[in-house]
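Breakdown of the fold
Chain by chain, the residues run as shown.
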Amino acid sequence: MDHNTVSGLPRKTLRAGIVVGAVGAFAVILAPQIMQLLVLGPSYSQALGAVLQVLFQLVTLFFLPFSAALIAASLVMRHLDAALAPRAQTPLDALPPTD
């Protein structure tokens, strides 16, 4: 794999984690207001309310922990990239001899 492709991966992973976290946070914050608006509306459907309730619960359960996992993975990838970069650039002839 190309080094430029690998070095961009932590940045993309961090952005994805932030976006997923923002969507999860907005779902947690706005879910009660959206459900209340649906109940007070003229054409309230029990089925639609139940589906949206389950959807908001799944978003709350999965998006926030998955966001934290993506952000942590991007930090680990960035650390490993920084830790392994000097070793990869060192030529084999410059290494001290091992006995």
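The following paragraphs examine the structure supplied in this document. (Residues numbered from 1 in each chain as written. Predicted model: local features only at pLDDT ≥ 70, side-chain atom pairs only at ≥ 80, totals over all residues. Heavy atoms only, no water.)

**Description of the overall build of the protein chain**
Scanning the protein chain for helices and strands turns up two helices and zero strands. Taken across its 99 residues, the protein chain has 17% of its residues classed as buried. The long-range fraction of contacts in the protein chain, counting pairs at least 24 apart against all pairs at least 6 apart in sequence, stands at 81%. Here the protein chain displays about 7700 Å² of accessible surface, and carbon together with sulfur accounts for 71% of that area. (Helix = DSSP H or I, 4+ residues; strand = E, 2+ residues; numbered from the N terminus. Buried < 20%, exposed > 50% of the residue type's maximum accessible area, 1.4 Å probe, protein only. Contact = heavy atoms within 4.5 Å. Areas by Shrake-Rupley, 256 points an atom, 1.4 Å probe, with all protein chains shown as cover.)

**As for the environment of Leu 70**
Relative to the helices and strands, Leu 70 is located in helix α2 (residues 46–89). Along the backbone, Leu 70 and Ile 18 are 52 residues apart, and their C-alpha atoms lie at a distance of 8.4 Å. The residues touching Leu 70, leaving out its near neighbours within four places in the chain, are Thr 13, Ala 16, Gly 17 and Val 20.

**Quick look at the side chain of Thr 13**
Within the secondary structure, Thr 13 is located in helix α1 (residues 3–40). Owing to a relative accessible area of 13%, Thr 13 belongs among the buried residues under this scheme. A polar atom in the side chain of Thr 13 sits 2.8 Å from the backbone oxygen of Leu 9. Dropping the residues within four chain positions of it, Thr 13 is found in contact with Leu 70, Ser 74 and Met 77. (Polar contact = N/O pair within 3.5 Å; in protein donor to acceptor, adjacent residues only side chain to side chain.)

**Quick word on the environment of Leu 52**
Following the sequence through the fold, Leu 52 ends up in helix α2. In this structure the C-alpha to C-alpha distance between Leu 52 and Ala 31, which are 21 residues apart in sequence, comes to 8.8 Å. If near-sequence neighbours (up to four positions away) are discounted, Leu 52 is found in contact with Met 35 and Leu 38.

**Topic: the nonpolar core**
Ala 27, Ala 31, Met 35, Leu 52, Phe 56 and Val 59 form the largest nonpolar core, which has six residues in total. Where this core is concerned, the elements lending two or more residues are α1 and α2. Not counting residues up to four positions away in its chain, the partners in contact with Ala 31 are Phe 26 and Phe 56. (Core = buried A, V, L, I, M, F, W, Y, C linked by side-chain atoms within 4.5 Å.)

**Description of the environment of Ala 22**
Along the polypeptide, Ala 22 turns up in helix α1. Sequence spacing of Ala 22 and Leu 64 is 42 residues, and the spatial spacing of their C-alpha atoms is 8.5 Å.

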